[in-house]
Amino acid sequence: VVGLGLFGISTMLWLMMVNRTSQQSMQLMAGFGFGASAIALFARVAGGIYTKAADVGADLVGKVEAGIDEDDPHNPAVIADNVGDNVGDVAGMGADLFESYVGSIIAAATIGSKFPGNAGYSHIALPLWLATVGVVCSLIGYFAVSTKQEGKGWDVKLSALMWALEKGMYVAGFLFVGASAGCTVILFNSDYGWKVYGCIIIGLFSGVAIGKVTEYFTSFDFGPVISIKDRAYTGPATVVIQGLGVGMISTVPPTVILIACILSCNALVGSYGVAIAAVGMLATLGITLATDAYGPVADNAGGLAEMAGLGPEVRAKTDSLDALGNTTAATGKGFAIGSAVLTSLSLLVAFKSQVGTGLHFHVNDSVLLSGLLFGAMLPYLFSALTMISVGKAAAEIIEEVRRQFREVKNANGRTLREAIEMASAGVEIPEDEDVTPDSDKCVQISTRSSVKEMLAPGIYAVFAPLIGGFWLGPRFLMGLLSGAIVSGAMLAIMMSNAGGAWDNSKKLCEKLKIKKTDQGK
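Values in this document were obtained by computation on a predicted structure and should not be read as measured data.

Participant: I tried to follow the overall build of the protein on my own but got confused; where do I start?
Facilitator: Summing up its helical and strand segments, the protein has 17 helices and zero strands in all. Compactness check: the protein gives a C-alpha radius of gyration of 25 Å against a globular reference of 24 Å for 521 residues, within 12% of the reference. Across its three principal axes, the protein shows a C-alpha extent of roughly 80 × 55 × 45 Å. In the protein, which comprises 521 residues, the proportion classed as buried is 51%. Taking the contacts inside the protein whose residues are at least 6 apart along the sequence as the reference set, 81% of them involve residues at least 24 apart.

Participant: Help me out: how do you make sense of the environment of Trp 163 in this one?
Facilitator: Counting through the fold element by element, Trp 163 comes out in helix α5 (residues 158-187). For the pair Trp 163 and Thr 147, spaced 16 residues apart in sequence, the C-alpha separation works out to 8.0 Å.

Participant: Any chance you could explain the packing of aromatic side chains here in plain terms?
Facilitator: What describes a pair of aromatic rings is the distance from one ring centre to the other and the angle between the planes of the rings. In the structure shown here, the tally under the stated rule is eight aromatic pairs. Seen in terms of ring centroids, Tyr 216 and Phe 222 are 5.4 Å apart; in terms of plane orientation they differ by 45 degrees. Their pairing is tilted. Overall, Phe 222 belongs to the partly exposed group, its relative accessible area being 27%. Ring geometry for Phe 374 versus Phe 476: centroids 6.0 Å apart, planes at 40 degrees, classification tilted.

Participant: What's the story with the pattern of salt bridges in this structure? I'm lost.
Facilitator: Pairs can form between side chains of opposite charge once their charged atoms are near each other. Throughout the structure, instances matching the rule amount to ten salt bridges. Across the pair Arg 44 and Asp 96 runs a salt bridge whose closest N-O atoms are separated by 3.4 Å. Here the residue Arg 44 occupies a position in helix α2 (residues 22-66), and Asp 96 occupies one in helix α3 (residues 78-112), the gap between them amounting to 52 residues. One salt bridge connects Glu 400 with Arg 403, and the closest N-O pair in it is separated by 2.7 Å. Of this pair, Glu 400 and Arg 403 both sit in helix α13 (residues 366-407), three residues apart, which is roughly one turn of that helix. Classification of Arg 403 as partly exposed rests on a relative accessible area of 28%. Among the ionic contacts, a cluster of salt bridges with common partners joins Glu 166, Lys 212 and Glu 215.

Participant: What should I look at first to understand the nonpolar core in this one?
Facilitator: Taken as a class, soluble globular proteins show a tendency for nonpolar side chains to be buried jointly. Among the nonpolar cores identified, the biggest contains 48 residues, and Leu 126, Leu 130, Phe 176, Tyr 272, Ile 276 and Leu 342 are the most heavily contacted of them. The element contributing the most residues to this core is helix α10 (residues 271-282), with eight residues. For Ile 276, the residues in contact, after removing those within four places along its chain, are Ala 108, Leu 126, Pro 127, Leu 130, Val 196, Cys 199 and Ile 200. Among the nonpolar cores identified, the runner-up in size contains 23 residues, and Phe 98, Ile 105, Leu 282 and Leu 285 belong to it.

Participant: Just to check I follow, could you spell out the state of the cysteines for this structure?
Facilitator: Linking two cysteines covalently through their sulfur atoms gives a disulfide. Taken as a whole and judged by the stated rule, the model has zero disulfides. Cys 199 forms no disulfide, and the closest cysteine sulfur to it belongs to Cys 265, at a distance of 4.0 Å. On the basis of relative accessibility, which here comes to 0%, the residue Cys 199 falls in the buried class.

Participant: How do you make sense of a nonpolar patch on the surface when you look at a structure like this?
Facilitator: On the surface, Leu 455, Ile 459, Phe 463, Leu 466, Ile 467, Phe 470, Trp 471 and Leu 472 cluster together into a nonpolar patch covering about 910 Å² of accessible area. Locating Ile 467 in the fold gives a position in helix α16 (residues 455-472).

Participant: What is the right way to read the side chain of Ser 206 from this model?
Facilitator: With respect to the helices and strands, Ser 206 occurs in helix α6 (residues 191-218). Those residues in contact with Ser 206 that sit more than four places away from it in its chain are Ile 257, Cys 261 and Met 281.

Participant: Sorry if this is basic, but what is going on with the environment of Val 83 here?
Facilitator: Along the chain, the position of Val 83 falls in helix α3. For Val 83, a relative accessible area of 32% gives the class partly exposed.

Rules behind the numbers
Residues numbered from 1 in each chain as written. Predicted model: local features only at pLDDT ≥ 70, side-chain atom pairs only at ≥ 80, totals over all residues. Heavy atoms only, no water. Helix = DSSP H or I, 4+ residues; strand = E, 2+ residues; numbered from the N terminus. Rg over C-alpha atoms; globule rule 2.2 N^0.38 Å. Buried < 20%, exposed > 50% of the residue type's maximum accessible area, 1.4 Å probe, protein only. Contact = heavy atoms within 4.5 Å. Phe/Tyr/Trp six-rings, centres within 6.5 Å; stacked < 30°, edge-to-face > 60°. Salt bridge = Lys/Arg side-chain N within 4 Å of Asp/Glu carboxyl O. Core = buried A, V, L, I, M, F, W, Y, C linked by side-chain atoms within 4.5 Å. Disulfide = S-S within 2.5 Å. Patch = residues over 30% accessible without salt bridge, like charges linked within 9 Å, V, L, I, M, F, W, Y side chains within 5 Å. Areas by Shrake-Rupley, 256 points an atom, 1.4 Å probe, with all protein chains shown as cover.

Here you go:
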């Protein structure tokens, strides 16, 4: 991801600089950023619909209704569920962070191109240099990832496993602190340069802080997830209420961190400082994204262990790693959200400087305020469309799984439901008497639904700002973008952390061996 991003930006910038000024070149480079945003939008939406539809279908019918283990090979939706982990959490998140990564570099370089003469070239070069040294630091940090845990299954603390991954991130971060200082000295070598360096460090440590906050709210070692598990005593309604409450309150610390980062960077260097802070936050993306992809890898390892019929001690180990993966996935989303906020604000500043000549953007302007309200609504409409799409696809998979439970039989006339009941009772079923589900059908449903259902939210997200901007003008568009950034950031943090907390509360029930009790269900 980081290699392709750097290669693409460097190549396009080299081509765009021919016979053009730096400002003209960076204006054209916005097209590269838009392309990255477009593919991130469709990959994230389609991947999310695919993985969540398969996940809901597999868990609801298999675990809750039939009472079989997660990833049991008798479940027709289990293959679609495992494929979905790769489609949504690897490909989708990779595309998402690719967009944030190249967007932060382009935003910083675009604002930097406004500086005259050689100063402009230094401001354009800095984000590219930082991204380059960040890749090297991430490669070195990779070798620091290790653990002394003995693989005792659930008898392990998630914080101990998390430290194994965090060591690599911290090594990469500390190396980047030194390397970025060298880049700043070479390009600026002045008091101003040290202020820029301060913004880079603030961005880096803001990303680390957001990651630690996310870990607290989504790891079952801490109170928020334990509180959700405790609410399960009184039924699913209180679990939903507690999870939403945990997700909502989890928006407070990242918001405070982002506010401190924005204000301090703006005080040091202005809008360029905010943009370069986003580059600093994502500079070590090479290892950050690797820890995020760890989650679906561990999840699929558990699925393979279950389908291969390996012993419960193997599944206990993979489940504990999977629980850690839920936390690292939420941490990766936290990085993506935090950097996206900083990058979006920087692009907003660039947009204002480009179209703001003779225009005044005041919050008491009725046109701007209307755009602000409209923009704040857009993330909710987008989320509603995607959730409705997941519901449709999941319902189709659920009906298909129930149909197969009733109708799929082996040569002896034994149904899939009967085979599940025998396996759940501990009866050993010979291979030639077992019943094999039609997993291809559920994969086909998920694939078709994800491609079809992503069109509505994708088209509306692309065309809403275009229609608003051309119809009601730049003041309305400025309000729309501002409202969407603020509203979208809060909604994204809430949903991401609530989902991770719910998922790990389920893992906590498995750890405590209460999975098949009323509380665990």
